[in-house]
Amino acid sequence: MAELGASSGYLVDLEEQDNNEVYERLIGAAMIVVDAAGQGDRLLRLLRRTAIHAIKEALNRGALLFFEGAAAAIAGEFVLAADHRIESGLNFLHNALVATDASSVAGDDALRSARGELPDAIFLGLATGSALALGPQGQIETWGERPVAISLGDPTRANAAFSSLSVTEN
């Protein structure tokens, strides 16, 4: 990448640097890699400070956002916590819950229970070794050679909600 003219990468320590420095370093990035290092709950708390605003601004400016491994679980509007409660995520994927290390939504008891609580949400299950990449124009890709599971929710509820909409032309 350096030979192609890209600037070198750098690590942004969300705990050690001041908020202004975190913001400035993140909004100028062309690619942001988010890795939870096995501590998704902690990362979510740290990102909710100044970093989330800077990351969203960088994405709006054209950056690529890459959630690696367990970090992908915090990208959705909803997060399945370690105690199986549903909490708010970073909301990069609206009305979505991302589960990592899950090759099937139906094959996981906690995800089936969450499906009952969020019948209209989109569930995205990423197998171990997969990652989630988000682009500035709303692009969503999974990276890696592992299978991805997608559950779009209860179609009967979705049809009922859709049929109750009224459309008027101007």
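This report concerns the structure included in the present document. (Residues numbered from 1 in each chain as written. Predicted model: local features only at pLDDT ≥ 70, side-chain atom pairs only at ≥ 80, totals over all residues. Heavy atoms only, no water.)

1. Digging into the pattern of salt bridges
Counted according to the given criterion, the structure contains five salt bridges. Between arginine 42 and glutamate 15 there is a salt bridge, with its nearest N and O atoms 2.3 Å apart. Linking arginine 42 in helix 2 (residues 40-47) with glutamate 15 in the segment before helix 1 (19-27), this pair joins segments that are 27 residues apart in sequence. Two residues, arginine 61 and glutamate 57, come together in a salt bridge whose shortest N-O distance is 3.1 Å. By relative accessible area, which is 55% here, arginine 61 ends up exposed. Through salt bridges with shared partners, a single network forms among Asp83, Arg85 and Glu87. (Salt bridge = Lys/Arg side-chain N within 4 Å of Asp/Glu carboxyl O. Helix = DSSP H or I, 4+ residues; strand = E, 2+ residues; numbered from the N terminus. Buried < 20%, exposed > 50% of the residue type's maximum accessible area, 1.4 Å probe, protein only.)

2. Let's talk about the pairing of strand 7 (residues 131-134)
Along strand 7, one buried face is formed by Ala131 and Ala133 and the opposite face, lined by Leu132 and Leu134, is buried too. Sheet topology note: the strand 2 (residues 64-68)/strand 7 ladder contains four bridges and is antiparallel. Residue pairing for strand 7: leucine 65 is matched across the bridge by leucine 134. Of the pairings in the sheet, the one linking strand 7 to strand 8 (residues 140-143) comprises four bridges and is antiparallel in character. The residue of strand 8 that forms the bridge with leucine 132 is threonine 142. In textbook terms, the turn of a hairpin is the stretch between consecutive antiparallel strands, and for strand 7 and strand 8 this stretch comprises five residues, one of which, glycine 138, has a positive phi near 85 degrees. (Pairing = 2+ DSSP bridges.)

3. Digging into a nonpolar patch on the surface
A cluster of nonpolar side chains, contributed by Ile122, Val148, Ile150 and Leu152, occupies part of the molecular surface with about 360 Å² of accessible area. Here leucine 152 is to be found in the loop between strand 9 (148-151) and helix 5 (155-163). Residue classification places leucine 152 among the exposed residues on the basis of a relative accessible area of 64%. (Patch = residues over 30% accessible without salt bridge, like charges linked within 9 Å, V, L, I, M, F, W, Y side chains within 5 Å. Areas by Shrake-Rupley, 256 points an atom, 1.4 Å probe, with all protein chains shown as cover.)

4. A look at the sheet that holds strand 2
Strand order across the open sheet formed by four strands is 1-2-7-8, with mixed pairing between neighbours. Whereas interior strands pair on both sides, the edge strands pair on one side only; in this sheet they are strand 1 (31-35) and strand 8. Each adjacent strand pair in this sheet contributes to an overall mean axis angle of 20 degrees, direction not counted. (Axes fitted to C-alpha atoms, helices over the stretch in contact; angles between N-to-C directions.)

5. Quick word on the sheet that holds strand 6 (residues 122-126)
Taken together, five strands build an open sheet; the order of strands is 4-3-5-6-9 and the sheet is mixed. Because the sheet does not close on itself, it has two edges, and the strands there are strand 4 (86-88) and strand 9. The mean inter-strand angle of the sheet, taken between neighbouring strand axes irrespective of direction, is 30 degrees. With three bridges joining them, strand 3 (residues 76-80) and strand 4 adopt antiparallel strand pairing. Directly across from leucine 80, in strand 4, lies its bridge partner isoleucine 86. Helix 4 (residues 109-117) rests against strand 3, strand 4, strand 5 (93-100), strand 6 and strand 9 of the sheet, and its axis sits at about 165 degrees to strand 6. (Contact = heavy atoms within 4.5 Å.)

6. Some words on the environment of glutamine 39
Here glutamine 39 lies in the loop between strand 1 and helix 2. Expressed as a C-alpha distance, the spacing of glutamine 39 and alanine 70, which sit 31 residues apart in the sequence, is 8.1 Å.

7. Remarks on empty space enclosed by the protein
Under the criterion given, the structure shown has one cavity of 30 Å³ or more. Taken as a whole, the largest cavity encloses approximately 40 Å³ of empty space. Around the largest cavity sit Leu14, Asn19, Val22, Leu46, Arg49, Thr50 and Ala51, which together line it. Counted by class, the lining of the largest cavity contains four nonpolar, two polar and one charged residues. (1 Å grid on protein atoms, 1.4 Å probe; cavity = no way out; pocket = protein on both sides within 12 Å on 5 of 7 lines; lining within 4 Å. Points joined across faces, edges and corners; volume = space filled by probe spheres on them. Nonpolar A, V, L, I, M, F, W, Y, C, P; charged D, E, K, R; others polar.)

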